[in-house]
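# Results of the structural survey
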Amino acid sequence: MTMKLIAQGAEAKIFKKGRIIIKDRYVRKYRLPEIDFLLRRSRTRREAKVLEKLKQLKIPCPDLIKVDDKDMKISMDFLDGKKLRDVFHEAPLKFCEEIGKQVGLMHANDIIHADLTTSNMILKDKKIYFIDFGLSFFSTKAEDKAVDLHLLARALESRHFKFFSGCFDDVLKGYKKGNSDYKAVFERLEKVELRGRHKQK
Ligand SMILES: Nc1ncnc2c1ncn2[C@@H]1O[C@H](COP(=O)(O)OP(=O)(O)O)[C@@H](O)[C@H]1O
Ligand SMILES: [Mg+2]
């Protein structure tokens, strides 16, 4: 079966082979070799570990098939859907509430995605699947959860500015359903947003 390159990001090549996706964290020559090796290995391992954890929690994500932390490759099932980025305008409020709920669930389980954008979400069978967990980490801190939400807000604002003004409230509405500890996170989020505004000046 042929292998087809379907995406190439800053640090990985994504190949499709039949129903399987292979995420290959290839050698990046601009980094020191020792650092490159450690980064590729830790991100490969982290992504695999978080995918397994999400499966247990029933948070929609690809099924992990294989992880190779020598060649830094992860195989997972191909999600035959659409990048949320491209269909977001069809139902922004509904999608935002669902994103918020799933992110709330992640945070309730101390998983921080750390790269929440609509390019890292795939809509399939009316469900939003989350991908790209290479930068994710585990944390119990309200600060880390607030920053995750703040970065999501900024990503929605820059990519979907037409809808943003109304729709972040729906993210927060969904979040409350996913994370019963939302109060501490929302308080922190206000501080993070203030900090961001001071920095812009
Ligand atoms: N399991 C998957 N099913 C379908 N498409 C995928 C899958 N994993 C990645 N992709 C596609 O490849 C792109 C890049 O993958 P991603 O894991 O986000 O890597 P990067 O770190 O380069 O952003 C995604 O935006 C998506 O379009
Ligand atoms: Mg990505």
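Residues numbered from 1 in each chain as written. Chains lettered and ligands numbered in written order. Predicted model: local features only at pLDDT ≥ 70, side-chain atom pairs only at ≥ 80, totals over all residues.

### Points about the site of ligand 1
Threshold: Here, nearness means that the C-beta atom of a residue, built from backbone geometry, sits within 6 Å of the molecule or strand in question. Where a domain begins and ends is set by an automatic assignment or by a domain database.
The environment of ligand 1 is formed by 17 residues, the closest being Ala7, Gly9, Pro62, Leu79 and Asp132. A domain-level breakdown of the shell around ligand 1 finds at least three residues from each of domain 1 (4-77) and domain 2 (82-200).

### Quick word on the pairing of strand β1 (residues 4-8)
Short version of the rule: Backbone-placed C-beta atoms define the burial measure: a residue is buried with 20 or more other C-beta atoms within 10 Å of its own, exposed with 12 or fewer, and partly exposed in between. In this text, helices come from DSSP runs of H or I with a minimum length of four residues, and strands from runs of E with a minimum of two, each type numbered from the N-terminal end. Strands are treated as partners if at least two bridges between them are detected by DSSP.
Judged by how many residues are buried, β1 sits mostly at the surface: zero of five residues are covered. The pairing of β1 with strand β2 (residues 13-17) spans four bridges and is classified as antiparallel. Paired with Lys4 across the bridge in β2 is Lys16. Counting the residues between successive antiparallel strands, the hairpin from β1 to β2 contains four residues.

### Focus on the domain arrangement of the protein chain
What counts, and what does not: Contact between two residues is assigned whenever their backbone-derived C-beta positions fall within 7 Å. Under the convention adopted here, Pro, Cys and the residues Ala, Val, Leu, Ile, Met, Phe, Trp and Tyr are nonpolar, Asp, Glu, Lys and Arg are charged, and Gly plus all remaining residues are polar.
Domains assigned within the protein chain are domain 1 (4-77) and domain 2 (82-200). Using only C-alpha atoms to locate each centre, domain 1 and domain 2 end up separated by 22 Å. Listed by partner, the interface residues are 11 residues for domain 1 and 13 residues for domain 2. Tallied by class, the residues present in the side of domain 1 that touches domain 2 amount to seven nonpolar, no polar and four charged.

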